[in-house]
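# Working through the structure, step by step
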Amino acid sequence: MTIAPATTNTATLTSTVAGSTIVTVRDSTNNSASTGAIVFRTVTLNGPAGNVAVVASVTMTAVGGQAPYSWSVSNTAVATINPSSGVLTGVSSGSVTVTAADADGITGSAVVTVGGAVPPPPPPPATMTITPNAANVLIGSTRQFSASGGTAPYLWWVNNIGVATIDSNTGLLTGVAAGSVIVTAADANGIIASSGPITVSATPSAPLVIAPATAVIAVGANRLFTATGGQAPYTWTST
């Protein structure tokens, strides 16, 4: 991940891999401000192990993104898909590209072949639990979350990164602003579980501010960050 100054008070962050970073800005008087976790995300699709038979249906799943997902196919003459549930139905023999877009517009695709024998039924879903189910976190402090009942590794996210961020690999949550969030984890098989409300309590704001405080950015895309307050000029780093 790299960050480069764009103007006197902006900088552009870029990454070619999934992961997270913290952006820090420092002014000419050595005052500094930092974001919470800035997440670069990829969406991965899980589909049938073999061909999908004509008129048979399978449920596509996606991991790595922020639910809910919006589903589409490249050729409805080969297969159709429910845009909300991801249930794909074979129409005629051929191949079709299935695409899922998460709540932040990050997309992932997979090619599915229609034709041949009906695939075996999927195994029953596992039951996962998120711990803690409820918690209070101060702005700037952290809380560790864990998952049980699924298959590691787990992928973590929250429903409002303006209130709290969470390390997508470790499940370590950091309070960002007053409010509440829901913590969600997906296991290696795409099984998903969520916590109850996690409350973040307010603390005073720093004079030097960087915006946005958190962001979800598609791999290969850029995001502009802005510093206000403090004393220009500013210097930027990404760790």
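Notes on the structure in this doc start here. Computed from a predicted structure; not experimentally measured.

About the thresholds
- Residues numbered from 1 in each chain as written.
- Predicted model: local features only at pLDDT ≥ 70, side-chain atom pairs only at ≥ 80, totals over all residues.
- Heavy atoms only, no water.
- Helix = DSSP H or I, 4+ residues; strand = E, 2+ residues; numbered from the N terminus.
- Buried < 20%, exposed > 50% of the residue type's maximum accessible area, 1.4 Å probe, protein only.
- Contact = heavy atoms within 4.5 Å.
- Areas by Shrake-Rupley, 256 points an atom, 1.4 Å probe, with all protein chains shown as cover.
- Lys, Arg positive; Asp, Glu negative; His and termini not counted.
- Charge placed at Lys NZ, Arg CZ, Asp CG, Glu CD.
- Phe/Tyr/Trp six-rings, centres within 6.5 Å; stacked < 30°, edge-to-face > 60°.
- Salt bridge = Lys/Arg side-chain N within 4 Å of Asp/Glu carboxyl O.
- Pairing = 2+ DSSP bridges.
- Axes fitted to C-alpha atoms, helices over the stretch in contact; angles between N-to-C directions.

### Side note on the overall build of the protein chain
Of the regular secondary structure elements, the protein chain holds 0 helices and 27 strands. Burial statistics for the protein chain: of 239 residues in total, 38% are counted as buried. The contacts of the protein chain with a sequence gap of at least 6 include a subset with a gap of at least 24, amounting to 54%. For the protein chain, the computed accessible surface area is about 11,300 Å², with 56% contributed by carbon and sulfur atoms. For the protein chain, the centre of its 4 positive side-chain charges and the centre of its 5 negative side-chain charges are spaced 7 Å apart.

### Description of the packing of aromatic side chains
Scanning the entire structure with this criterion turns up 1 aromatic pair. Between tyrosine 69 and tryptophan 71, the ring centres sit 6.4 Å apart and the planes meet at 50°, which makes this aromatic pair tilted. Accessibility assignment for this pair places tyrosine 69 and tryptophan 71 in one class, buried.

### Topic: the pattern of salt bridges
Per the stated rule, a full pass over the model turns up 2 salt bridges. For arginine 41, the salt bridge identified is with aspartate 104, shortest N-O distance 2.8 Å. Here aspartate 104 lies in the loop between strand S13 (94-101) and strand S14 (107-114) and arginine 41 lies in strand S6 (residues 38-41), a separation of 63 residues in the sequence. For arginine 41, a relative accessible area of 8% translates into the label buried. On the accessibility criterion, aspartate 104 (41% relative accessible area) is partly exposed. Via salt bridges that share partners, Arg41, Asp102 and Asp104 belong to a single interconnected network.

### A few points about the pairing of strand S21 (residues 172-175)
Moving residue by residue along a regular strand, the side chains alternate between the two faces of the sheet. Going residue by residue along S21, you find Leu173 and Gly175 tucked away on one face and Leu172 and Thr174 left uncovered on the opposite face. Inspection of the sheet shows strand S17 (residues 142-144) paired to S21 by 3 bridges, in the antiparallel sense. For arginine 143, the partnering residue across the bridge sits in S21 and is leucine 173. As defined by bridge partners, strand S20 (residues 164-166) adjoins S21 across 3 bridges and the pair is classed as antiparallel. Residue pairing across strands places isoleucine 166 opposite leucine 173, the latter belonging to S21. Joining the antiparallel neighbours S20 and S21 is a turn of 5 residues, in which glycine 171 adopts a positive phi near 80°.

### Re the sheet that holds S14
Taken in spatial order, the 3 strands make up an open sheet running S10-S13-S14, and their pairing is antiparallel. Bordering the open sheet on either side are strand S10 (70-73) and S14, each of which pairs with just one other strand. Averaged over all neighbouring strand pairs, the angle between strand axes comes to 25°, with direction disregarded.

### A few points about unusual backbone geometry
Going from threonine 131 to proline 132, the amide bond is cis rather than trans, its omega being -5°. Counting through the fold element by element, proline 132 comes out in the loop between strand S15 (129-131) and strand S16 (135-138). A cis amide bond links alanine 211 with the next residue in sequence, proline 212, at an omega value of -5°. A positive phi angle is found at asparagine 30, which is not glycine, with a value near 75°. One non-glycine residue, valine 55, lies in the positive phi region at around 70°. Of note, valine 55 is situated in the loop between strand S7 (44-46) and strand S8 (57-59).

Read these as spatial facts, not as claims about activity.
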